[in-house]
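Structure assessment
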Amino acid sequence: MVLENLFLYVRDVFDISSGFSATAIGLFFLIAMLGEVYLQIPLLMESLWLLVGYQSRVNNIALFNTTLILLTAQAGRQASMLALYYFFPVINKSLSKFLVKPVMNKPLLKLLLKPIQINRFHRKHLAQDHFDTRYLSSVPATLGMLTWLNGPIKLVLVWRRRLKPLLVGTLFSGLVFDGIYLLAGALFRTTELSIAYLPAVFLAVFLAFMYVQTKVVKNVPQV
């Protein structure tokens, strides 16, 4: 099958079972770091995690590389959040100079929150004059980051200078996200299905994850 041959080719190029894969580790660091600020190719990381999970049980070398890649990806996310945390005031201040009528004197925050300003979470917690960050402690922040509120929650934590919940939430939400696709790839390998069916597995996991997100997001404001 053409599709099967294509995936086999990609797997061979992205091989983590024959030795230490510095290229794969560096690639995941870069993709994870850029992905945290939404500089990414849609669904690229999810697809790569499936391929890594598919190879993770081949031998001990693959398992070792998978562990390193997983940890490296989290390091990339942390690096991205630290950079945003420390550079945000400078960027936000610079942008405010170019706006004729800056709103709340926080132009970058307003720009990135605009797409979600009509939803219940924003109306209840972000639109208040005195934002109560008790709702964005580590546990609710982690849950929120597993939803489409990921970016706005991180931005609010940066804005409110809440470094600990920002890093803790980023770490554990990243581990959950990556672990789901890794596990899906590993479980797929235990079946007798051709690798050509991997897109179907990806679609099923993606839809299931989206469904869980809709359930989680309803509880974030009440946490």
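In this report, the structure presented in the accompanying data block is examined. As the structure is a prediction and not an experimental result, all values here were calculated from the model. (Residues numbered from 1 in each chain as written. Predicted model: local features only at pLDDT ≥ 70, side-chain atom pairs only at ≥ 80, totals over all residues. Heavy atoms only, no water.)

So, about helix H3 (residues 44-55). Compared with the 16 Å implied by 1.5 Å per residue over 12 residues, the 17 Å span of H3 between its first and last C-alpha is a close match. In terms of burial, H3 is a largely internal element, 10 of the 12 residues being buried. The complete set of buried residues in H3 reads Met45, Glu46, Leu48, Trp49, Leu50, Leu51, Val52, Gly53, Tyr54 and Gln55. (Helix = DSSP H or I, 4+ residues; strand = E, 2+ residues; numbered from the N terminus. Expected span 1.5 Å × (residues − 1). Buried < 20%, exposed > 50% of the residue type's maximum accessible area, 1.4 Å probe, protein only.)

A few words on the nonpolar core. Nonpolar side chains in soluble globular proteins tend to end up buried together. Formed by 29 residues in total, the largest nonpolar core has its most connected members in Phe28, Met45, Trp49, Val52, Ile69 and Tyr181. Residue assignment for this core shows that the elements contributing at least two residues are helix H2 (22-35), H3, helix H4 (60-96), helix H9 (163-189) and helix H10 (198-219). The biggest single contributor to this core is H3, with 7 residues. In this structure tyrosine 181 touches Glu46, Trp49, Leu50, Phe202, Val205 and Phe206, once residues within four positions along its chain are discounted. Leu136, Val156, Leu157 and Leu166 belong to the second largest nonpolar core, which has 15 residues in total. (Core = buried A, V, L, I, M, F, W, Y, C linked by side-chain atoms within 4.5 Å. Contact = heavy atoms within 4.5 Å.)

Take the packing of H2 against H3 next. Remark: H2 packs on H3, axes separated minimally by 11 Å, with the N-to-C direction vectors making an angle of 150 degrees. What the angle tells us is that H2 and H3 run roughly antiparallel. The hand of the H2/H3 crossing is left-handed. Across the interface between the two elements, Leu27, Phe28, Ile31 and Ala32 of H2 pack against Leu44, Met45, Leu48, Trp49 and Val52 of H3. For the contact of H2 with H3, the residue count by class is 9 nonpolar, no polar and no charged. (Axes fitted to C-alpha atoms, helices over the stretch in contact; angles between N-to-C directions. Parallel < 35°, antiparallel > 145°, perpendicular 65-115°, else oblique. Left-handed = near helix turned anticlockwise from the far one by under 90°. Nonpolar A, V, L, I, M, F, W, Y, C, P; charged D, E, K, R; others polar.)

This brings us to the layout of surface pockets. In this structure, the largest pocket occupies an estimated 610 Å³ of space. Together, 27 residues line the largest pocket, and Tyr38, Gln40, Glu46, Asn150 and Phe177 are the ones closest to its centre. For the lining of the largest pocket, the secondary-structure elements that each account for two or more residues are H2, H3, helix H8 (150-159), H9 and H10. No other element matches the 5 residues that H9 contributes to the lining of the largest pocket. Across the lining of the largest pocket, the residue classes tally to 15 nonpolar, 8 polar and 4 charged. (1 Å grid on protein atoms, 1.4 Å probe; cavity = no way out; pocket = protein on both sides within 12 Å on 5 of 7 lines; lining within 4 Å. Points joined across faces, edges and corners; volume = space filled by probe spheres on them.)

This next bit is on the environment of alanine 62. Of note, alanine 62 is situated in helix H4. In this structure alanine 62 comes out as buried when scored by relative accessible area, which is 0%. Spatially, the C-alpha atom of alanine 62 lies 8.4 Å from that of valine 52, the residues being 10 residues apart in sequence. With residues up to four places along the chain from it excluded, the contact list for alanine 62 reads Ile16, Ser17, Gln55 and Ser56.

Moving on, we get to the packing of H3 against H9. The N-to-C vectors of H3 and H9 enclose an angle of 45 degrees; their axes lie 7 Å apart at closest approach. Judged by the inter-axis angle, H3 sits oblique to H9. The element H3 and its partner H9 pack so that their crossing is right-handed. The residues of H9 that touch H3, namely those facing Met45, Glu46, Trp49, Leu50, Val52, Gly53 and Tyr54, are Phe177, Asp178, Tyr181, Leu182, Ala184, Gly185, Ala186, Phe188 and Arg189. Here the contact of H3 with H9 is composed, by residue class, of 11 nonpolar, 2 polar and 3 charged.

A cluster of nonpolar side chains, Leu30, Leu34, Val37 and Leu39, forms an exposed patch at the surface whose accessible area comes to about 320 Å². Relative to the helices and strands, valine 37 resides in the loop between H2 and H3. Overall, the relative accessible area of 34% leaves valine 37 in the partly exposed class. (Patch = residues over 30% accessible without salt bridge, like charges linked within 9 Å, V, L, I, M, F, W, Y side chains within 5 Å. Areas by Shrake-Rupley, 256 points an atom, 1.4 Å probe, with all protein chains shown as cover. Salt bridge = Lys/Arg side-chain N within 4 Å of Asp/Glu carboxyl O.)

Two side chains carrying opposite charge are able to pair once their charged atoms lie near each other. Under the criterion given, the structure shown has 3 salt bridges. A salt bridge links glutamate 36 to arginine 77, with the nearest nitrogen and oxygen atoms 2.9 Å apart. Remark: arginine 77 occurs in helix H4 and glutamate 36 occurs in the loop between H2 and H3; sequence separation between them is 41 residues. On the basis of relative accessible area, arginine 77 is assigned to the buried category, the value being 5%. Across the pair aspartate 178 and arginine 77 runs a salt bridge, and its minimum N-O distance is 2.7 Å. Pair noted here: aspartate 178 is in helix H9 and arginine 77 is in helix H4, with a separation of 101 residues, a long-range link.

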